[in-house]
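Close look at the chain arrangement
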Amino acid sequence: MTQSLVSVRDLKIGAKTDSGREVAIINGVSFDIAPGEIVALIGESGSGKTTIALSLMGHTRTGCAIHDGHIRIGTHDVTAMTERQRAGLRGTEVSYVPQSAAAAFNPSKRIMDQVVEITAIHDLMPRSKAEEKARGLFRALALPDPDTIGDRYPHQVSGGQLQRLSAAMALIGDPQLVIFDEPTTALDVTTQIEVLRAFRSVMDKGGMAGVYVSHDLAVVAQIADRIIVLRGGVVQEEGTTEQILTAPAHPYTRELLDAFEPVPHVPAPQVQAARPILQVDNLCAGYGVIRNGEPTAKVLQNVSLRLERGRNLGVIGESGSGKSTLARAIAGILPAYRGKMMLDGKELKPDLRHRTKDELRRTQIVFQLADTALNPAQSIETILARPLTFYHGMRGAERAGRVVELLDMVHLPAALRHRLPQELSGGQKQRVNLARALAAGPELILCDEITSALDTVVAAAILDLLKELQRELGLSYLFISHDLSTVEAICDEVLVMLKGRVVEALPAARMSADATHPYSRLLISSIPKLDTGWLKGLEQDPDLLAQFTNR
Amino acid sequence: MSMSRRIPTPARLGYSFNWVGRVGLAIILFWAVIAIIGPGITPYPPGEMADWDYFGPISEKFWMGSDYLGRDILSRVIMGARYTVGIALAAVALACTGGVILGMIAAVIGGWFDTILSRLLDAFNGIPHLLFGLVVVAAVGSSIPVLILTLAAMYLPGSYRFARALAVNVNTMDFVTVARARGERFGHIILREIFPNILGPVLADLGLRFVFIVLVLSGLSFLGLGVQPPNADWGALVRENIEGLSLGAPAVIFPSIAIASLTISVNMFIDNLPTRIRDRTE
């Protein structure tokens, strides 16, 4: 049997809370990685996948410490090394590709200077040779203008390109092991394909081993040879990609797979309402200085839509398509400069300051990032109580009782109301976020990417909750997302947006079959499938890609 | 056992309060008490020339020595506490309250209001502090309310700038947008959504500003515009006895120690305020 490249034995990592209690983060994890093999660590947030990946470099985040176990990479015993020896290891033996390349690059230095930095730190080769090598890597990663892209600054290249450049940075020291920490999570689906392809081809050519950290099984299926499923710092299941996808043994793995398959949405029986809950005609909105009644940066252009009471409308598109602006314009946060909006047959003023309290109450908006949408200085009870007082004039015991009811509606324990937002998990925060909207007693909820920042299993639970609330309260949702499978799971009809315009309206159930506009087809074909051969077999028209994406 | 349970220590109330902060608070309280009970405990009237010698050493009669006129330094420090602690605290409270409120208003309203207010206060900030104090006190005469208002006016623009910069950042957060979309009024957005989230840095700024005000107050007193003789604030005590330094007189050391102990303890306390113990799993 060949010697494995990496061996991790009985790894235990822990941290201390501010009251002095010990918390175990990683609880006895063991695995091996063969040379040239790509292993994926998969699990929801808090499962310890990033902690394990970082520990392979001998690094732990502030406050954490490796308490027990052994990590060996090649001939180096990482756990027994001093910090100085580990620093020598990083970049040459093990390297790291971060989740957000935009945050990992120094905005004030040219890309080339940052890519070749590793060779200078470890004194590997002269500068001219390092630059030559970097250009070779840029070519291998299919970057445009490989000879000159290094002269640009990080803000002059797109997000997908920057992510590939950060891979070039990791590969320049010829490491034996590359750690990818959710490198495509922040990217659009069409960009994600390009990046995955580039990673795949470089890793195949170089014969390096890799650790790929992700929560997205479909992405992992395209790139990994083996998958390790983690939960709560313990390995749940380990197996080849084929075996995990087709014959999962552990119930948790099955749960992950099930969450990926959207439950088809059963449309509510058509309520015979005379008027749609929301009708939008030729809406135009934008940002910037207003000249002649029109803002300088126009985002939305002649958007029209119609949402029947008790139905759900999905809006999909990539970043920059104007889908969030649409929600803001409907909510009145960004006043539209032209067009008409009707809520339940009555006209809505563009600016929310001119709307009545009752109109504001009937339309509520829920934002993507529950972290920033909840005031960190207020307890959950205060946050939920405010709309009750504001819209319904509730006080005292009546209001306290209603807060508990609201928490119960979103399946949270009543004891949570004394906590601050930072003490909740991501899924819990999003439920509180939703409960605050429900507190107003709305008829229409504008959901702006509310599941995008959540793990698959948690997001699936939120979608179930939305459906349940719809049945009980007769709500209508305008559901904005870049993730087609979530839209499919909850919506009756879908609008595809591109550069501020609606390019196509489709029934959600027959999205892939009915799409006729080339952009909708491109978007739908870019969604990763739970199939190891999907990326290899995917054929996309390069002209079409060039036309609709700007990379 | 039952006795100790009744005493509400920070830990029992669910707060952690480290010893640096406790020491700071203890010194502040000590000076506050001295300021209040001062006239009752001075061994000599602060204006009386009690010693036959000038710049006298520490002795049984004069615990902190005597000054350049043979007055008792202990009595003068005790009486000075009133002026230093009182004027400086009142001025810093006024400056920070005004600055923070204006800063939050400017950040939330934005646009023209913000631009005009910011430029006005910038222009005002361009006038040298001591010069401004000189003109005001020369024009209206020196009294404690005038001193407090003048000092507050000098330090308000800085506090405004600081609070505005913080509030602009908080103002773009989604929870403020949610409150606005709910139809909340201006007052609620400022006091409930923004203020609690800028409070920490604002308090740290207050501590720093307090120190500056103590120093400027002593500068004004030196020019004869501050606290009027025979009374003196601590800064004035240092200035009037500065020649004693070459004679090794304690007269200049003790007022300096008093200023240092108060300013350092204010900063120690503000940097180490009691924090609520929070633990995710409890």
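Residues numbered from 1 in each chain as written. Chains lettered and ligands numbered in written order. Predicted model: local features only at pLDDT ≥ 70, side-chain atom pairs only at ≥ 80, totals over all residues.

So, the nonpolar core
Put simply, the test is: Here, a nonpolar core denotes buried Ala, Val, Leu, Ile, Met, Phe, Trp, Tyr and Cys residues that are linked to one another through C-beta atoms within 7 Å. Three exposure classes are used, based on other C-beta atoms lying within 10 Å of a residue's own C-beta, which is placed from the backbone: buried for 20 or more, exposed for 12 or fewer, and partly exposed in between. Under the DSSP-based scheme used, a helix requires at least four consecutive residues in state H or I and a strand at least two consecutive residues in state E, with every element numbered from the N terminus. Domain delimitation in this document rests on an assignment produced automatically or drawn from a domain database. Contact criterion: two residues are in contact if their C-beta atoms, reconstructed from the backbone, are within 7 Å.
Formed by 228 residues in total, the largest nonpolar core has its most connected members in Ala168(A) and Leu478(A). For this core, the leading source of residues is helix α3 (residues 73–109) of chain B, giving 19 residues. A domain split of this core shows at least three residues from each of domain 1 (6–260) and domain 2 (302–334 + 345–515) of chain A. If we skip the residues at most four places from it in the chain, Leu478(A) touches Leu278(A), Leu307(A), Leu313(A), Val315(A), Ala327(A), Leu444(A), Leu446(A) and Cys447(A).

Considering the interface of chain A and chain B
Basically, it comes down to this: Classification used: nonpolar for Ala, Val, Leu, Ile, Met, Phe, Trp, Tyr, Cys and Pro, charged for Asp, Glu, Lys and Arg, polar for all others including Gly.
The partner chain B presents 17 residues to the 21 residues of chain A that form the contact. Mapped by element, the contributors of at least two residues to the side of chain A that touches chain B are α13 (357–362), α14 (370–373) and α15 (380–392) of chain A. Among the residues making up the side of chain A that touches chain B, the classes are represented as 13 nonpolar, four polar and four charged.

Things to note about the pairing of strand β14 (residues 338–343) of chain A
Residues and elements named next belong to chain A. In plain terms, the rule: Whether two strands pair comes down to DSSP finding at least two bridges between them.
Relative to β14, strand β11 (residues 278–291) is paired through five bridges, and the arrangement is antiparallel. The residue bridging Cys284 from the neighbouring strand is Arg338, located in β14. Where β14 and strand β15 (residues 346–348) come together, three bridges link them in antiparallel fashion. Within β15, the position partnered with Leu343 by the bridge is Lys346. Between the antiparallel neighbours β14 and β15 lie two residues, among them Asp344 with a positive phi of about 55°.

Description of the sheet that holds strand β19 (residues 493–498) of chain A
Residue and element names in this part refer to chain A. To be explicit about the condition: In this description, a line fitted to the C-alpha atoms serves as the axis of each element, helices being fitted only across the stretch in contact, and the angle between N-to-C directions of two axes falls anywhere from 0 to 180 degrees.
If you walk across this open sheet you meet the six strands as β16-β17-β18-β13-β19-β20, and the pairing is mixed. Single-partner strands in this sheet number two, and they are β16 (363–366) and β20 (501–507). The average angle at which neighbouring strand axes cross in this sheet is 20°, direction not considered. As judged from the four bridges shared by β16 and strand β17 (residues 444–448), these two strands associate in the parallel manner. Looking at β17, one finds that Gln364 is bridged to Ile445.

Regarding the domain arrangement of chain A
Residues and elements named next belong to chain A. Domain annotation for chain A reports domain 1 (6–260) and domain 2 (302–334 + 345–515). The C-alpha-based centres of domain 1 and domain 2 are spaced at 34 Å. Across the boundary between the two partners, domain 1 contributes ten residues, which contact nine residues of domain 2. Grouping the constituent residues of the side of domain 1 that touches domain 2 by class yields four nonpolar, three polar and three charged.

Quick notes on the environment of Pro46(B)
Residue and element names in this part refer to chain B. As for its position among the elements, Pro46 is in the loop between α2 (19–41) and α3. The class of Pro46 is buried, set by 21 C-beta atoms lying within 10 Å. Apart from residues no more than four positions distant in its own chain, Pro46 is found in contact with Ser75, Arg76, Met79, Pro230 and Asn231.

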